[in-house]
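So you can see what is in the structure, the chains are spelled out below.
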Amino acid sequence: MQGAAATLRHEMIGLAGVIERNVYLVKRYIWWDVAFFVWTVANTLTIVFIAKGVPSLTPAEVDHLTTVLLIGAVIWAYLGIIFEIVTETVAWERWEGTIEYTFMAPLSRPVHLFGMGLFAIVYGVVRAVLLFGVVALFFSLDLPNANYIAALVVLVIASVSFIGIGMMTAVLPLISPEKGTQLGFVAQGVLLVVSGVYYPISVLPEFMQWIAKISPATYALDAARKSILEGYGLTQLWGDIWPLLVIGVVAVPLGLFVFRRGEQHAKRHGKLKRSG
Amino acid sequence: MTQTAEFTSDIEMASQPEAVVVPALEVRDLRKEFIRKDGKRNGWRRRRRRVPALKGISFSMERGETVAILGQNGSGKSTLVRLLSTLLLHEGGTAHVFGHDVFREQRRVRRMVNRVSVEASFFKKMSAVENLSYAARFYGMGHGETKEKIPVILTRVGFPEDRRREPMENLSRGMQQKVALARALLTAPIMLLLDEPTTGLDPRSKLEVQSFIREIRETHDATVLLCTHDLAEAEALADRVGILHQGELLVLEHADELKTRYSAVTLEEAFFAATGKSFEEEGDEDENKEGGD
């Protein structure tokens, strides 16, 4: 019992170490982060201004479309951050040259990956709130019914699924040091296309709609829009929440399994090493 | 005491001489192959071939002993260190650290082992203190413990106090290597794997690092496996010297015995007699034997 408590304590300290390291990196690369944030704001504005340019819409319809696009862009930016941080677990360390030291440390892989995921959620929420606030300043949006708490809870639930999928794509740079990261972006791009970020999934070809059904982003976006535009609470959002829970329950163990297999492959073939 | 119970029991086992009956390191018939792509193609696929990096090497080390493994580039030294660091899986044979199977009890072994390699390998924008701090967490060291120990260990390796908050990228190679030594020692490993720790350092930094390794031997109860292609370094630091050539461990004994065996005056002559090659000749880079993308 005492041994189990000590091991748990060890793992919790390791988890804190993963988060601590990422906080140091954000501090040290703060101007890079600022530049990336400005780029994200510009990108989001480009998308949201589309609503203003659509002809023959009433002012109310313009406001509605503006909000729909804004929510889509912000949620996608958030999920993209979660996905990228977890996906780059290997690629970043390989680039910095620390990969061997991290993988030979007595830190369990699930704790390592969950640490990355936990940091990604906190970092992503801060970025998403700032992005929403800054972009909203450009438009006089009136959202009297918005249930921001429900939207935030849905985002956190959706993050679990994205962490699971991120684990699966994080393994790609382990298997293929040169092409792995790019393949991760391909996976992210596929989710962007099918999940109805800027348009309803009903406009997609049928086979893409089937893929949309297993994308957590589909349910996260739907729930976020309902909670912000129509003020839905968690009970009313259950239709979106349960698929997110199911996808999360499947994606996380599957992600861990895939990552473990990828790590074994990398160890077998000598790919668990720095590049350059 | 803030280490885990599992870790503590390993340390305790290794620090009670009368209780220890197992060698610090026991390697038996250890084999490793890599797959290398050659330029030719079989249809659309590039042809691959298996290249042996270690061909069944066997040796053991006693607790507190320092063993140097000499070899040209590509002889298999780094592969050996990476196998013992749990970064590679083997093709056959066994390796045990204080009785624990390197391939089956990886987490136990990881608690006992740390490593300094030829590349210092840090997050370059982060400072020495930040790099040491998060790395120590992975070994279960809490904030209070690192706050106390990091300044002490950086002082021990001769790292200047006024540069501890500077990004690593501003530091010289010698300075970075001192931080790498500090990182390895911070976790109190009972087995230290040094993979060409002084390669590429200027003479002064090299002497400082060697002097610190000597100090570790005298003050810290660690078993040290030193892989190097610096003959003088091997002779000065090691209790026994081994020659690894093309994945085979040709000999492992005291430097004087090794010279006597090959009727040589210097280690360099002994190396030439054992391998038929001069020490400066390049072998195949074992790191490049691995399959690419």
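Counting from 1, residues in each chain are numbered in the order their sequence is written. Chains and ligands are labelled by the order in which they are written, letters from A for the one and numbers from 1 for the other. Reporting of local features is limited, given that this is a predicted model, to residues whose pLDDT is at least 70; pairs of side-chain atoms are given and counted only at 80 or more, and all residues count toward the totals for whole chains, interfaces and linings.

Peer 1: Talk me through the nonpolar core; I want residue IDs and the actual numbers.
Peer 2: Residue and element names in this part refer to chain A. In plain words, the nonpolar core is the set of buried Ala, Val, Leu, Ile, Met, Phe, Trp, Tyr and Cys residues that C-beta atoms within 7 Å link up. Whether a residue is buried, exposed or partly exposed follows from its count of other C-beta atoms within 10 Å of its own C-beta, namely 20 or more, 12 or fewer, or something in between, respectively; the C-beta atoms are built from the backbone. In this structure, Val154 and Ala220 are the most contacted members of the largest nonpolar core, which totals 153 residues. Secondary structure elements follow DSSP: runs of H or I of four or more residues count as helices, runs of E of two or more count as strands, with numbering from the N terminus. Here this core gets 17 residues from one element, more than from any other, and that element is helix α3 (residues 59–96). When sequence neighbours within four positions are dropped, the list of residues in contact with Val154 reads Ala220, Ala223, Ala224, Ser227, Leu237, Asp240 and Ile241. With C-beta atoms placed from the backbone, a contact is any residue pair whose C-beta atoms sit within 7 Å.

Peer 1: Got a sec to walk through the sheet that holds strand β7 (residues 191–195) of chain B? Specific residues and values, please.
Peer 2: Residues and elements named next belong to chain B. At least two DSSP bridges between two strands are needed for those strands to be called paired. Strands sit in the order β6-β7-β8-β3-β9-β10 across an open sheet of six strands; the sheet is mixed. Edge positions in the open sheet fall to β6 (113–116) and β10 (248–253), since each of these has one partner strand only. If you compare each strand with its neighbour and ignore which way they point, the axes differ by 15° on average. Both strand β3 (residues 66–70) and strand β8 (residues 223–228) contribute to a ladder of five bridges, which runs parallel. Within β8, the residue paired with Ala68 across the bridge is Leu226. Lines fitted to the C-alpha atoms define the axes, with helices restricted to the stretch that makes contact. Angles between their N-to-C directions range from 0 to 180 degrees.

Peer 1: Go over the packing of α3(A) against helix α5 (residues 109–137) of chain A, please, and point to the residues and values.
Peer 2: Residue and element names in this part refer to chain A. Packing of α3 against α5 brings their axes to within 8 Å, and their N-to-C directions diverge by 155°. Considering their axes alone, α3 and α5 lie roughly antiparallel with respect to each other. Judged by the sense of rotation from one axis to the other, the crossing of α3 with α5 is right-handed. Side-chain classes follow a simple rule in which Ala, Val, Leu, Ile, Met, Phe, Trp, Tyr, Cys and Pro form the nonpolar group, Asp, Glu, Lys and Arg form the charged group, and the remainder, Gly included, forms the polar group. For the contact of α3 with α5, the residue count by class is 19 nonpolar, three polar and one charged. Should an angle lie under 35 degrees it is considered roughly parallel, over 145 roughly antiparallel, and from 65 to 115 roughly perpendicular; all remaining angles are considered oblique. Handedness of a crossing is defined here by the sense of rotation of the near helix relative to the far one, left-handed for an anticlockwise turn of less than a right angle and right-handed for a clockwise turn.

Peer 1: Residue-level account of the interface of chain B and chain A, with values.
Peer 2: Taken residue by residue, the interface counts 35 residues in chain B and 37 residues in chain A. When contributions to the side of chain B that touches chain A are tallied by element, the ones reaching two or more residues are α1 (5–14), β1 (25–42), α3 (106–112) and α4 (128–137) of chain B. When residues of the side of chain B that touches chain A are assigned to their parent elements, the largest contribution, five residues, is made by α4(B). Across the side of chain B that touches chain A, the residue classes tally to 15 nonpolar, eight polar and twelve charged.

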